[in-house]
Amino acid sequence: MNEFKVRLKRFKRLRNICVISVAVLIFIYIGAEPYLEKSFGNIGTFQIAMFALVLAALIVEFMYESKYSKAEKFIEEITLEINDAGSFNTLRQERNVDSFFTAVKEDLLNSGYRMSDNTEVDGLSFDFCAHKGNEYIYCVKLDSTDRNDVIAYLDSARSDLLQNRLKRKGECVVFFLSEEVEESAIALSKAYSKTVVSRYNVITVSPAIVNVKEGKAYFLSNRVSPAQKITAEYIINTELPLNDKCINPEKLDFQIKLEEKMKSFSLNDFKSGKYNER
C-alpha cells in the first residue's frame, strides 16, 4: 500500500502541474492573442498548440479519475479502519441488554428524537427506530451478533430509508446490543457504506456493536461525522473527543490482518474486488 501511495502521490503531482500550467497558459494566451495576431497574422499554429495542451491535460485528468481516484478513496477508508482504536469502554453502568436498551432509548427521547418501536423491514425487526432531522438510529437486540446479522440489518436500514421513508439524505447508525459478539461481526464494526443519491444527497449507514456484558463498543471513531457523535453520546455516554479511559488502543485481530493484506495492494487486485472481502 505504501508503494502505491508513493506512485499515486507522484501522479497527482504530475496532474496538478499539468492542469495548473495549462490553465495559466490559456489565460496568458487569451491576453496575448490580439498582439500575436497583429505580429504574426495567422495564429492557427498557436491555437492548435493550445488545443493540444488542453487535450493533454484532459487525458491526464481522465487517467487519474479512471485509474486512481476510486483506489485512493478506498485506501483512505481502509487507513481509517486500520489506525482506529480497537474497542471502546462504555461509561454506562448497565450490564444487561434490556437495561442498556432502556437507558439509550430514554436518553434519545429526552434529546428530542422521535421514536418508532418494533419497526419491521424486509422481514427483520428493529426494536426501535429514532430520528431527528437527518439523523436516524436503528437499534436491534440480539442474544448474539454475528457477521450475517450486521450485513442483513445494515441493508434493511438502508432499504427503509431509501424505499419506505423516501429519504435522499441522512446519517444512519445501526446499534447492535448483545451479550455475545462474534469476531466475524467485530470485523465489520468499523466499516460504513455510502449510498450516493445525487451530487448533494448521500445516505450513510454505520454500525455500532455493543457487547453489553463486557461494557465494550466497536465502531469507527476517527471519522468526524454525526454517526461518531451519536455513538459517543448514546452508547459510550460521553462527549467528543473521547477521553483516554474510554479507549482501548490495542488493534483487533481483523485490523492486524487487514494491515498485512494491504501491504501488497495493487490496482489489479483492487479492480478484481479482492480487497472487498472481509
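Residues numbered from 1 in each chain as written. Predicted model: local features only at pLDDT ≥ 70, side-chain atom pairs only at ≥ 80, totals over all residues. Heavy atoms only, no water.

Undergrad: Any chance you could explain the environment of I209 here in plain terms?
TA: The residue I209 is located in strand β7 (residues 202-211) in this model. Look at I209 and you get buried, because its relative accessible area is 0%. Each C-alpha atom, one on I209 and one on T231, is 9.9 Å from the other, the two residues being 22 residues apart in sequence. (Helix = DSSP H or I, 4+ residues; strand = E, 2+ residues; numbered from the N terminus. Buried < 20%, exposed > 50% of the residue type's maximum accessible area, 1.4 Å probe, protein only.)

Undergrad: Help me understand a negative patch on the surface in this model?
TA: On the surface, D143, E179, E180 and E182 cluster together into a patch of negative charge. Relative to the helices and strands, E179 resides in the loop between β5 (170-178) and α5 (183-186). (Patch = residues over 30% accessible without salt bridge, like charges linked within 9 Å, V, L, I, M, F, W, Y side chains within 5 Å. Areas by Shrake-Rupley, 256 points an atom, 1.4 Å probe, with all protein chains shown as cover. Salt bridge = Lys/Arg side-chain N within 4 Å of Asp/Glu carboxyl O. Lys, Arg positive; Asp, Glu negative; His and termini not counted. Charge placed at Lys NZ, Arg CZ, Asp CG, Glu CD.)

Undergrad: What is the right way to read the pairing of strand β3 (residues 124-132) from this model?
TA: Relative to β3, strand β2 (residues 114-121) runs antiparallel, the two sharing seven bridges. Bridge pairing links S116 to C129 in β3. Here β2 folds back onto β3, and the loop between the two strands holds two residues, one of which, D122, carries a positive phi near 50 degrees. Both β3 and strand β4 (residues 135-141) contribute to a ladder of five bridges, which runs antiparallel. Each bridged residue has a counterpart across the sheet, and for H131 the counterpart in β4 is Y136. Connecting β3 to the antiparallel partner β4 that follows it, the hairpin turn spans two residues, and G133 within it adopts a positive phi of roughly 65 degrees. (Pairing = 2+ DSSP bridges.)

Undergrad: Explanation requested: the pattern of salt bridges in the structure shown.
TA: Working definition: two side chains of opposite charge can pair if their charged atoms are close together. Considering all chains together, one arrives at 10 salt bridges under this definition. A salt bridge links E61 to R15; the nearest nitrogen and oxygen atoms lie 3.7 Å apart. With E61 in helix α2 (residues 44-83) and R15 in helix α1 (residues 2-40), the pair connects residues that are 46 residues apart, well separated along the chain. Its relative accessible area of 27% is what places E61 among the partly exposed residues. The exposure class assigned to R15 is buried, which follows from its relative accessible area of 15%.

Undergrad: What is the right way to read the packing of aromatic side chains from this model?
TA: Note on aromatic pairs: each is described by the distance of the centres and the angle between the planes. Enumeration over the complete set of coordinates arrives at seven aromatic pairs. Plain terms: the ring middles of F88 and F219 are 4.7 Å apart, the flat faces sit at 40 degrees to each other, and that makes the pair tilted. Of this pair, F88 sits in strand β1 (residues 87-89) while F219 sits in the loop between β8 (216-218) and α6 (226-236), and the two are 131 residues apart along the sequence. Both residues of the pair, F88 and F219, count as buried. Lying across the ring of F100, R92 places its NZ or CZ 5.9 Å from the centre. (Phe/Tyr/Trp six-rings, centres within 6.5 Å; stacked < 30°, edge-to-face > 60°. Lys NZ or Arg CZ within 6 Å of the ring centre and 35° of its normal.)

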